[in-house]
Amino acid sequence: MPVISKREKYFPDVTKEKELGESPSSHRLLSQAENGKTGMADINSNRTGMEAKKVIRSPLSFFSHKIGVGGTLGLQEYMVTVNSGQEDELEVWGYRVHVVKYLATLAGILLSFGLLGLPLYWWKHWWLRFTRVQCILEEATSVLVVDHYKGIHTTYHVKDVYRFNHAQGDMVIPANGKADYQIVSNFRYFNCKKNRYIWDNVEATFYKLEGLDRNISLGELHAYKEGLSEGSTKMRSFLYGKNEIVVPMESLWMLFVKEILSPFYVFQLFSICFWYADDYWQYSTAILLTSCVSLASALYQTRKNQQNLRDTIVSSEVVTRLRPDGTSHQVISSDVVPGDIIVVPDHGCQLLCDAVLLEGVAIMDESMLTGESVPVTKSSLDKHPATTIYNNRDHEKHTLKCGTKVIQTRKYRDQVVTAVVIRTGYLTSKGDLVRSILYPPPVDFQFEKDSHKFIAGMACIATVGMIYSMVRMVLAEESFHDVVFEVFDLITIVVPPALPAAMTIGIVLANQRLLPKNIFCISPRTINVAGAVDCTCFDKTGTITEDGMDMWGVLPVQNGLHSLQEEGEEMVGWREPVQDISLLSQDSLLVLGMATCHELNIIGGEMRGDPLDEKMFSSTGWMLEMEGEEQSQLDQLSMPYMKSPVTSTNSVIQAAPQKLFQFSSDMQRMSVVTRVVEEQQEGFTEPSTMVFCKGSPEMIQRLCLPDTLPPDYTSVLESYASHGYRILAMAGKVIVPAMAKAGKLNKMTREQVEADLTFLGLVILENRLKTASIGVLTELRGANIRTVMVTGDNILTAVSVARDCGLVPQGEDIIRCRAEMVMGRPSVTWMRLVDRPVEQNSQQPYKKDTTKLSLENNPYHLAVDGASFEIICDSFRDCILPFLATRGAVFARMRPDMKQRLVEILQDLDYRVIMCGDGANDCGALKAANAGISLSEAEASVASPFTSKTPDISCVPILIRESRAALVTSFGIFKYMAAYSITQFVSVMILYDIFSNLSDFQFLWIDLFLITTLAAVFGFNNAYSGPLAPHPPMSSLISLQPLFSLLSQLAIGICFQVAIFFYTRAQPWFVQFDYDNPCYIGTPAEAAFNSSGLRDRFGCDPEDDPVASYENFSIFTISQFQYIILVIAFSKGYPYRESFLKNLPLLVDILLLTAFCLFLTVWPESWNACQIHYELFAPPQEDTTYRLVILAMVGGNLVLSLFCEMFVSDVVVSKMARSGDKKHEKINLELSKRPEWPPLSTDTERTEVEATQSNDQEDSQVFIMGTDIARPTNQAFDSLFSTPVATDSSSHSAAAVSLNPPTATPKRHVAGSELMLSSPCKSFSTAQASPTSSNSTTGKFVSCDRIDTSSEPEAER
């Protein structure tokens, strides 16, 4: 066996793999393995490699001469990385003021009349470079914070470093990475994005200030129960500041200054001033007026947004704070600090900090954060085990969040409901939400980036023209004034100031058209991005399916039908499914469990709680009651008790909950300890104490005694799940009287309560498709837009819904990918899921499917659950993940962070992704997607740029259709403005060559009447109402088709201008323009010039810059038609917009402008005043042929432009441009060459294969499984699948989403045949079978790029 070095083992060489193209995943999917070769300081995080890579690619190139080159200071002393490995990872560089550089820069700004200050204001990191010198962070007075967002977008923040200095040690700062505080007399910090970063003198680094919850144990939190002293509160107030979420409200003057100093308005101001100085006052006045309107609108909108956000966010309450001496004080909520003990009021209070409940129970309304109006019960934090570290997610049921409302508190009679404050201000959950609004992730759209490059290219063209003109004019000994004005005039021609405003027309109109369709946008820039999407991800519950669920029925076992007084039987087996719960005996254990195992409460006289609990409880016919009046119970730590209808024996059962273990997405279950008595005619029976537990069937299966489970438990479960039903399992047990005393019950742990349960049966619910889902998904699929389901539900349920709604077409295969840790090694199995189970009696022997499975000609999709997805991301990142992400259709059991991770992986594969979801669990994915659509109007949905008030996915094709139209409009108007600029530039350059130009009124006619009006109505085309096109429009300007389109139109226009110029010169009546003799004195044209009235109006002084000439007439007349032709050519219709013939304003504008252009060309002499204003020196009227030739050239220009644009560009070049260069297209091409991947066995038994390489045999396995067919119990069961349920539910059932984790597959024997797997990474051969249970042990592997620990499956709530 060859010796493998540690470096090679952990960081295999992937260069060969990339060259061969066998794993065409994105660069980022492969980058970690390559990064590992640069440094081994931290194998798990690759921190050294990542940092080295960042330094290499850092845009801070002007620092390179100081960093690590010829200096005495090392890189780590200049820079530290904060929040390492997190989404908000930042680089912090230290600077201090350099007096000489600072004064020199100020002098330069003054001498340049502020011009030098503009770029230093726009790019503040340049200000650091010019005024400060790099230094060690310990001496820094300013820092440069560099944010490499996702490695693709770099943002710079310049921040001052502040210092608190006190004579005495009366301040505290948190110990870095620890839970305690240290008393100091001074500390340094800087603020960035509403986060505070504290300087650590010991570690010589900055670290982010966190709340009290950092690395603190439960015992330490309970140690705060007495409260903070006044001195401690004061010390912490210096550190944390006011408990306020301050939304910046800038004055109108400051907003005006900031807006007017933006590059767009600075350039407009320069152009306006230049035009006024050049006496071009008409157009400059028009631009000035439009700029003022635009500026006023922008200021109003900005101010309104700030005001609305502040009104929504800013609030204050009076809270009661406890002191260690037993006193209490009422203070404003802004004065509390982490560590304070506050009293949670009985009801009606909004919490303005994050706090952990120490005493009592609180029922909270968290709709502001979650979007779900289900009351959430918060219980007091456990005291044991005291050493357990507090975790916000694990202890969410004990955490009160900022912005939530207290509906009701419950307590013992003399108890005070108290909580310890752990986070304040922007550190809170609500603060984090507001921060995401104030600092949204940067949107880097290819079209915008290319437009900036294009404008830079146009500026270069202008520079060339400037140099050429300047040289010619200097050689001709023109005055300095003329040289400067003529040269700078070219800048305003080539880079038109109206370009940015014109480009927003399509976006503004699309936004206006979305409003009547109940789609609201808070980020208009994202509209263009949404036009380029080719992949849509959908949540399931509440998005594709209805929010709530309906009871289908129950599938009991014999134990579940026993009454309270019956003894259990030895026989274990299923009983007949029951859809009408009232048919079951009211004293049966299954009904008793359904009636008691919930978190329902009586609030305001109404039953409130999770809709799933409400549905289940209501189906039993029981009642929820409180002892006495509700208000008298507010001082008791009691829950409502349950009361049954009259049973068949004329008795009534009453159940009073004693102890409740709330639902947890980690635990995938909830349980209740309840005391049950039966009220009979002769009196009450002896009370029984029982435990009932409900949750995911797989979790309940692990908690139950094996001999209480039916032998075909798994197959029956899979049969129901494969039909799309939502399944919960119910179990219970009796607590012996000796352990049923209150004191002993309170000491029982959850593990003790939920041990050795008896299985009672399955509760089956159904979730119906929304009406719009099937049609929308069919439409998207017809447009070649990939559709993906990302849900927290059971994988078989999700697959069934995917088939029913058409997300996966009927007849196409779904292959399940299952990854697990087997003996410490990651392994993968592939299993084909049958469309619908083959119904057969469980008593009959199961026959093997001997038909050979072939996927060569049958499309297939992949499905995976969250636990498997996590293992594949960590262990098979290069081998399987790119293929799974490309072919995956169903991603089930996905936590919120997994949803976001999937969206980012899809983006890595060059997909443009729309995410559509309805809950707070989708916020991460909504933020990460290129365009997110929220179906919820809660504040949590502000993470999404789009919100639909129509609660179904019909908004998705509407948004795509309008966004595509907006993107095509933006493309067309950009090309039009660029072509107009270059066309006018060419016209001017031709006339400059004879020292002539266009007249001011000619410029005004072109700029104001032609260009401005045409651009204003260019985007009035509605989106195409027919089927979505099979391809999105182009999103890159710098690509073959748009460049060919633009350059071909420019070439045609230039050719016709040059042609008419030389044709004019060839006419017998032509006299060349002479700048020194502008009135043609002494030439054959003198009489014609005098009769036109131009001499009387403008005189013959060359200093007045005369322009009237035959050359001017020819160039102006043909160019004015060219601007109209360009609009017609670039105003694309089908398949993204309606035809421009349906754009009535544009059509009318074109007809009117064309008519006037014809007048100026053919009969300008008939209106002498107009001819003089335009300074048109027309050729002799007798020569009508010349003017007809101009019109013929215009016609030829039109025909040639339309042919070139509509046929050559849109058909020929478009096909050439649509090359499959996207990563996911390459992966699909690779898979099309591998019809055997993933290979499935020819029978239904498990076949396991593993790598043949000697170094891989120890590390990872890939298993391939054939068809998996679930087998139902009996024919009675089969007949019930078609029974409809009439009731509907409108509430969102969050709990049931997370109660069905991936189904465990029963063990099977290993097939003896041998298979070879054509994997992107390796070859495989048969191996030994492995257990099917998964564990969380970290295993080593060779073929992948990092080591990680796979976590237990965790569901979403």
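Residues numbered from 1 in each chain as written. Predicted model: local features only at pLDDT ≥ 70, side-chain atom pairs only at ≥ 80, totals over all residues. Heavy atoms only, no water.

Draft legend 1. How the structure looks around the overall build of the chain. Of the regular secondary structure elements, the chain holds 45 helices and 45 strands. Considering the chain as a whole, with its 1357 residues, one finds that 57% of them fall into the buried category. Considering only residue pairs separated by 6 or more positions, the chain has 74% of its internal contacts joining residues 24 or more positions apart. Taken as a whole, the chain presents about 55400 Å² of accessible surface, with 57% of it coming from carbon and sulfur. (Helix = DSSP H or I, 4+ residues; strand = E, 2+ residues; numbered from the N terminus. Buried < 20%, exposed > 50% of the residue type's maximum accessible area, 1.4 Å probe, protein only. Contact = heavy atoms within 4.5 Å. Areas by Shrake-Rupley, 256 points an atom, 1.4 Å probe, with all protein chains shown as cover.)

Draft legend 2. Looking closely at the pattern of salt bridges. As enumerated under the stated definition, the model contains 32 salt bridges in all. In this structure, K899 and D539 form a salt bridge, with 3.4 Å as the shortest nitrogen-oxygen distance. With K899 in helix 32 (residues 896–908) and D539 in the loop between strand 22 (535–538) and strand 23 (550–556), this pair connects stretches of sequence that are 360 residues apart. Counted as one network, the salt bridges with shared partners bring together D550, K615, E766 and R768. (Salt bridge = Lys/Arg side-chain N within 4 Å of Asp/Glu carboxyl O.)

Draft legend 3. Here's a closer look at the packing of aromatic side chains. All told, the structure shown has 45 aromatic pairs when counted by the stated rule. Counting every residue linked through ring pairs, the aromatic cluster contains F1001, W1005, F1009, F1116, F1156, F1159, W1167 and Y1174. Looking at K124, its charged tip hangs above the ring of Y121, at a distance of 4.5 Å from the centre. Against the face of F1098 rests R1097, its NZ or CZ located 4.9 Å from the ring centre. (Phe/Tyr/Trp six-rings, centres within 6.5 Å; stacked < 30°, edge-to-face > 60°. Lys NZ or Arg CZ within 6 Å of the ring centre and 35° of its normal.)

Draft legend 4. Examining the side chain of D613 more closely. Assignment of secondary structure puts D613 in helix 23 (residues 611–620). Here D613 falls in the buried class, since its relative accessible area comes to 7%. With residues near it in sequence (within four places) discarded, D613 still touches C597, H598, E599, L600 and K694.

Draft legend 5. Fine view of the environment of L769. Topologically, L769 is positioned in the loop between strand 33 (758–766) and helix 28 (773–782). As a C-alpha pair, L769 and K540 span 229 residues in sequence and 9.3 Å in three-dimensional space.

Draft legend 6. Seen up close, the environment of N243. Of note, N243 is situated in the loop between helix 10 (230–240) and helix 11 (252–260). Owing to a relative accessible area of 6%, N243 belongs among the buried residues under this scheme. For the pair formed by N243 and L427, sequence separation is 184 residues and the distance between their alpha carbons is 9.4 Å. The contacts of N243, once residues within four sequence positions are left out, are S333, S334, V336, L352, C353, T424 and G425. Here the side chain of N243 touches G425 through a polar contact of 2.8 Å, landing on its backbone nitrogen. (Polar contact = N/O pair within 3.5 Å; in protein donor to acceptor, adjacent residues only side chain to side chain.)

Draft legend 7. Broad picture of the sheet that holds strand 19 (residues 405–410). Pairing is antiparallel across the open sheet formed by 3 strands, whose spatial order is 17-16-19. Taken across any chain shown, the strands that pair with only one partner, and hence form the sheet edges, are strand 17 (376–378) and strand 19. When strand polarity is set aside, the average angle formed by the axes of neighbouring strands in this sheet is 25°. Direction of pairing for strand 16 (residues 361–365) relative to strand 19: antiparallel, over a ladder of 5 bridges. (Pairing = 2+ DSSP bridges. Axes fitted to C-alpha atoms, helices over the stretch in contact; angles between N-to-C directions.)

Draft legend 8. View of the state of the cysteines. Here the structure, examined in full by the defined rule, presents 1 disulfide. Sulfur-sulfur distance for the disulfide between C1079 and C1100 comes to 1.9 Å. Judged by the torsion about the S-S bond (-110°), the C1079/C1100 disulfide is left-handed. Of the two residues, C1079 is situated in the loop between helix 36 (1040–1065) and helix 37 (1086–1091) and C1100 in the loop between helix 38 (1094–1098) and helix 39 (1110–1130); the sequence distance between them amounts to 21 residues. Taking relative accessible area as the criterion, C1079 reaches 0% and is therefore assigned buried. Judged by its relative accessible area of 27%, C1100 is partly exposed. (Disulfide = S-S within 2.5 Å.)

Draft legend 9. Local environment of the packing of helix 36 against helix 39. Relative to each other, helix 36 and helix 39 sit at 155°, their axes nearing to 9 Å. As summarised for this structure, helix 36 and helix 39 are arranged roughly antiparallel, according to the angle between their axes. The handedness of the crossing between helix 36 and helix 39 comes out as right-handed. On helix 39, the residues touching S1045, L1046, Q1049, G1053, F1056, Q1057, I1060, F1061, T1064 and R1065 of helix 36 are Y1110, E1111, S1114, I1115, I1118, S1119, Q1122, L1126, A1129 and F1130. The residue inventory of the contact of helix 36 with helix 39, partitioned by class, reads 10 nonpolar, 8 polar and 2 charged. (Parallel < 35°, antiparallel > 145°, perpendicular 65-115°, else oblique. Left-handed = near helix turned anticlockwise from the far one by under 90°. Nonpolar A, V, L, I, M, F, W, Y, C, P; charged D, E, K, R; others polar.)

Draft legend 10. Region of the structure containing helix 12 (residues 263–277). Taking 1.5 Å as the rise per residue, helix 12 with 15 residues should run 21 Å; its terminal C-alpha atoms sit 21 Å apart, in good agreement. Structurally, helix 12 contributes buried residues whose contacts are with helix 7 (117–122), helix 11, helix 13 (281–313) and helix 17 (480–494). Once helix 12 ends, the next one or two residues include D279, with phi positive near 65°. (Expected span 1.5 Å × (residues − 1).)

Draft legend 11. Looking closely at the sheet that holds strand 9 (residues 186–192). Spatial strand order, 6-9-10-11: 4 strands in an open sheet with antiparallel pairing. Of all the strands in the sheet, just strand 6 (162–165) and strand 11 (205–208) have a single pairing partner and so form its edges. For this sheet the average axis-to-axis angle between neighbouring strands, irrespective of direction, equals 35°. By the bridge criterion, 4 bridges tie strand 9 to strand 10 (residues 195–200) in an arrangement that is antiparallel. Along strand 10, the bridge assignment pairs N191 with R196.

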